[in-house]
2 protein chains.
Amino acid sequence: MKETLLCPRLAKAMELLGKRWTALIIFQLIDGAKRFNEIESSLPISGRLLSERLKELEKEGLVERTVFSEVPVRVEYNLTDKGYALKDVIDGIESWSKEWF
Amino acid sequence: MKETLLCPRLAKAMELLGKRWTALIIFQLIDGAKRFNEIESSLPISGRLLSERLKELEKEGLVERTVFSEVPVRVEYNLTDKGYALKDVIDGIESWSKEWF
DNA sequence: ACCACAAGTTACTTTATGTAACTAACTTTA
DNA sequence: TAAAGTTAGTTACATAAAGTAACTTGTGGT
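If you check an unreviewed UniProt entry, chain A appears there as Helix-turn-helix transcriptional regulator from Psychrobacillus lasiicapitis.

Given below as structure tokens:
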């Protein structure tokens, strides 16, 4: 991979958001916490990828994972402040899509 | 692929923007037209992918391609109104990245 | 013991991306 | 006139990421 003059923070943000499903997962969590299966049902994503993406988002601090030791187990995902700070960006994409497609 | 209740326009926008390099290419064109090699030099992307992405963006009407029959040939890419309308989104990602990374 | 359930994980196939060498068309240089 | 240089790509091949479907784990109910 070539080197670049690109701002490393922007490059990192783009690497995250420019990954398939990432922004849509955040979009699904904007209105509040959701369970694994709820996100899976609301997007055409497979469990494999959803699991992978949620781990990445958790690692980057955009998403928080909470386990409820019920039976069967319940796991909720919700946005951290860092994740929620993307609301305007996601909203912007949404309104752009409505205006131009 | 599963079906979904997701708004088709948003899904389409995300499919475009959630593709590697797409948003960064648009970012490079925000300040005005650039040539193929200029974009290639300003991003760690290969000619193969850049060519592919520019074709997609042209097909979706975000980017316009202009050929100048000089020697050697010069080709410029610039944003259409539809492409430029993403400026706020890109700016939003940029400021989010500066604040949170 | 057997089934149900959520939340994953695994194994395998297909598609996307990365890398480097190559091409077309024309000009300048030797 | 042949060789070399220029931009804007394209091609062929290797590797990484994504899609699909079946399987696992932990627990409680019948």
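Back to the text.
Asker: Honestly, the UniProt feature "domain: HTH hxlR-type" (unreviewed entry) in chain A in this entry has me stumped. Any pointers?
Answerer: In the numbering used here, UniProt assigns the feature "domain: HTH hxlR-type" (unreviewed entry) to residues 7–101 of chain A. End C-alpha atoms of residues 7–101 of chain A are separated by 30 Å, and the span's content is 59% helix alongside 15% strand.

Asker: For this particular structure, what's the right way to read the packing of aromatic side chains?
Answerer: Residues and elements named next belong to chain A. Summed over the entire model, instances satisfying the criterion amount to two aromatic pairs over all chains. Judged by centre distance (5.3 Å) and plane angle (85°), the rings of Trp96 and Phe101 are edge-to-face. The exposure class of Phe101 is partly exposed, given its relative accessible area of 27%. The ring of Phe68 carries Arg74 above its face, with NZ or CZ at 3.9 Å from the centroid.

Asker: Sorry if this is basic, but what is going on with helix H1 (residues 8–17) of chain A here?
Answerer: Within an α-helix, residues lying three or four positions from one another point in the same direction, as the helix has 3.6 residues per turn. The complete set of buried residues in H1 of chain A reads Leu10, Ala13, Met14, Leu16 and Leu17 of chain A. Around the axis of H1 of chain A, the buried residues are gathered within 160° of arc, so they sit on the same side. Opposite its buried face, H1 of chain A presents the exposed residues Pro8 and Glu15 of chain A, each directed more than 90 degrees away. Tucked inside the fold, the buried residues of H1 of chain A contact helix H2 (22–29) and helix H4 (47–59) of chain A together with helix H2 (22–29) and helix H6 (87–100) of chain B.

Asker: I'm lost on the packing of helix H6 (residues 87–100) of chain A against H6 of chain B in this one. Help?
Answerer: Between H6 of chain A and H6 of chain B, the least distance of the axes is 9 Å, while the angle of their chain directions is 165°. If you check the angle between H6 of chain A and H6 of chain B, you find them roughly antiparallel. Handedness of the crossing formed by H6 of chain A with H6 of chain B: left-handed. For the pair formed by H6 of chain A and H6 of chain B, the contact residues are Val89, Gly92 and Ile93 of chain A on the first element and Val89, Gly92 and Ile93 of chain B on the second.

Asker: What should I look at first to understand the packing of H6 of chain A against helix H1 (residues 8–17) of chain B in this one?
Answerer: Any two packed helices are characterised by the angle at which their axes cross and by the distance between the axes. Remark: H6 of chain A packs on H1 of chain B, axes separated minimally by 8 Å, with the N-to-C direction vectors making an angle of 115°. The angle between the axes of H6 of chain A and H1 of chain B places the two elements in the roughly perpendicular class. Relative to H1 of chain B, the crossing made by H6 of chain A is right-handed. Contacts between H6 of chain A and H1 of chain B pair Ile90, Ile93, Glu94, Trp96, Ser97 and Lys98 of chain A from the former with Arg9, Leu10, Ala13, Met14 and Leu17 of chain B from the latter. Tallied by class, residues from the contact of H6 of chain A with H1 of chain B come to seven nonpolar, one polar and three charged.

Asker: Is there a simple way to think about the relation of the copies chain B and chain A in this case?
Answerer: In summary, the two copies of the chain are related to each other by a rotation about an axis coupled with a shift along it. Here chain B sits on chain A after a turn of 180° about the axis and a move of 0.0 Å along it, with an RMSD of 0.0 Å. One copy is carried onto the other by what is essentially a two-fold rotation axis. In terms of proximity to the rotation axis, the leading residue of chain B is Gly18 of chain B, whose C-alpha is 2.2 Å off the axis.

Asker: What's the story with the sheet that holds strand E1 (residues 34–35) of chain A in this structure? I'm lost.
Answerer: Residue and element names in this part refer to chain A. Strand order in the open sheet made by the three strands is E1-E3-E2, with antiparallel pairing throughout. Single-partner strands in this sheet number two, and they are E1 and strand E2 (63–68). Where E1 and strand E3 (residues 74–79) come together, two bridges link them in antiparallel fashion. In the strand pairing of E3, Lys34 is matched with Tyr77. Across the sheet, H2 lies against E1, E2 and E3, angled at about 100° from E3, the strand it touches most.

Asker: Even after reading the chapter, I still don't get the layout of surface pockets, so can you show me in this structure?
Answerer: Any empty space left between atoms is shown by rolling a water-sized probe over those atoms. In this structure, the largest pocket encloses a volume near 520 Å³. In terms of lining residues, the largest pocket is bounded by 30 residues, among which Ala11, Met14, Glu15 and Gly18 of chain A together with Leu24 of chain B are the most central. For the lining of the largest pocket, the elements supplying multiple residues, two or more each, are H1 and H6 of chain A together with H1, H2 and H6 of chain B. Here the lining of the largest pocket gets six residues from one element, more than from any other, and that element is H1 of chain A. In the lining of the largest pocket, the residues fall into 21 nonpolar, three polar and six charged.

Conventions used here
- Residues numbered from 1 in each chain as written.
- Chains lettered and ligands numbered in written order.
- Predicted model: local features only at pLDDT ≥ 70, side-chain atom pairs only at ≥ 80, totals over all residues.
- Heavy atoms only, no water.
- UniProt positions renumbered as here; feature names shortened; annotations may be inferred.
- Helix = DSSP H or I, 4+ residues; strand = E, 2+ residues; numbered from the N terminus.
- Phe/Tyr/Trp six-rings, centres within 6.5 Å; stacked < 30°, edge-to-face > 60°.
- Buried < 20%, exposed > 50% of the residue type's maximum accessible area, 1.4 Å probe, protein only.
- Lys NZ or Arg CZ within 6 Å of the ring centre and 35° of its normal.
- Arc of directions from axis to C-beta.
- Contact = heavy atoms within 4.5 Å.
- Axes fitted to C-alpha atoms, helices over the stretch in contact; angles between N-to-C directions.
- Parallel < 35°, antiparallel > 145°, perpendicular 65-115°, else oblique.
- Left-handed = near helix turned anticlockwise from the far one by under 90°.
- Nonpolar A, V, L, I, M, F, W, Y, C, P; charged D, E, K, R; others polar.
- Least-squares fit on C-alpha atoms with pLDDT ≥ 70 in both.
- Pairing = 2+ DSSP bridges.
- 1 Å grid on protein atoms, 1.4 Å probe; cavity = no way out; pocket = protein on both sides within 12 Å on 5 of 7 lines; lining within 4 Å.
- Points joined across faces, edges and corners; volume = space filled by probe spheres on them.

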